[in-house]
Amino acid sequence: ISKEQQGVISVPWLLKNASTTYDPSSIPAGLSITTTITLTGVVVGDFVQASFTQYNANVEISAVVSAPNTVTVRFKNTSAAAINLTSGTLSVKKI
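The present account deals with the structure reproduced in this document. All values reported here derive from a predicted model rather than from experimental measurement. (Residues numbered from 1 in each chain as written. Predicted model: local features only at pLDDT ≥ 70, side-chain atom pairs only at ≥ 80, totals over all residues. Heavy atoms only, no water.)

## Re the nonpolar core
Soluble globular proteins: nonpolar side chains tend toward being buried together.
For step 1, the next point in the chain: Ranked by internal contacts, the top residues of the largest apolar core, which has 18 residues, are Leu 39, Val 71, Val 73, Phe 75, Leu 85 and Val 92.
For step 2, the next point in the chain: Contributing elements (two or more residues each) for this core: β1 (17-22), β2 (32-38), β3 (48-52), β4 (59-67), β5 (70-77) and β6 (88-94).
For step 3, the next point in the chain: For this core, the element with the most residues is β5, which contributes three residues.
For step 4, the next point in the chain: Filtering out sequence-adjacent residues up to four positions away, Val 92 remains in contact with Lys 16, Asn 17, Ala 18, Ile 37, Leu 39, Gln 49, Ala 50, Val 71 and Val 73. (Core = buried A, V, L, I, M, F, W, Y, C linked by side-chain atoms within 4.5 Å. Buried < 20%, exposed > 50% of the residue type's maximum accessible area, 1.4 Å probe, protein only. Helix = DSSP H or I, 4+ residues; strand = E, 2+ residues; numbered from the N terminus. Contact = heavy atoms within 4.5 Å.)

## Thoughts on the pattern of salt bridges
For step 1, the next point in the chain: For the structure on display, the rule yields one salt bridge.
For step 2, the next point in the chain: Measuring nitrogen to oxygen at the nearest pair gives 3.7 Å for the salt bridge that ties Asp 46 to Lys 94. Of the two residues, Asp 46 sits in the loop between β2 and β3 while Lys 94 sits in strand β6, which places them 48 residues apart along the sequence. (Salt bridge = Lys/Arg side-chain N within 4 Å of Asp/Glu carboxyl O.)

## Some words on the environment of Thr 78
For step 1, the next point in the chain: Within the secondary structure, Thr 78 is located in the loop between β5 and β6.
For step 2, the next point in the chain: The contacts of Thr 78, once residues within four sequence positions are left out, are Asn 58 and Glu 60.

## As for the sheet that holds β1
Through backbone hydrogen bonds, the strands of a sheet pair up, either in parallel or in antiparallel fashion.
For step 1, the next point in the chain: Strand order in the open sheet formed by three strands is β1-β6-β3, and the pairing between neighbours is antiparallel. Where the open sheet ends on each side, the last strands, each with one partner, are β1 and β3. Pairs of neighbouring strands in the sheet enclose a mean axial angle of 15°, with direction left out of account.
For step 2, the next point in the chain: In this sheet, β6 lies alongside β3 in antiparallel orientation, the contact comprising five bridges. (Pairing = 2+ DSSP bridges. Axes fitted to C-alpha atoms, helices over the stretch in contact; angles between N-to-C directions.)

Now the structure itself:
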């Protein structure tokens with residue numbers, strides 16, 4: 001191990017991610033919508049993150065492993081009006 005590599009742990013085979021094209025339905029004011037995405041190898045209790053390529057400051061995105069190999073992603077509208085995001089790429093990863 002070189003001096004530069006000491007203390008660095010790299011385990012790319014443990015990193016898991018998935019993405020898909022997703023077109024969310026309109027999100028009513030103050031409410032949420034959810035969708036699921038398959039992420040092979042995750043189990044309930046694992047930490048996951050989600051991202052979406054269509055940004056809106058009034059939409060909060062969260063993710064949770066809801067079943068083995070399944071991540072549920074929630075889009076929460078924090079505004080007083082409905083929001084209709086356009087189609088984009090939804091990505092999740094185990095962290």
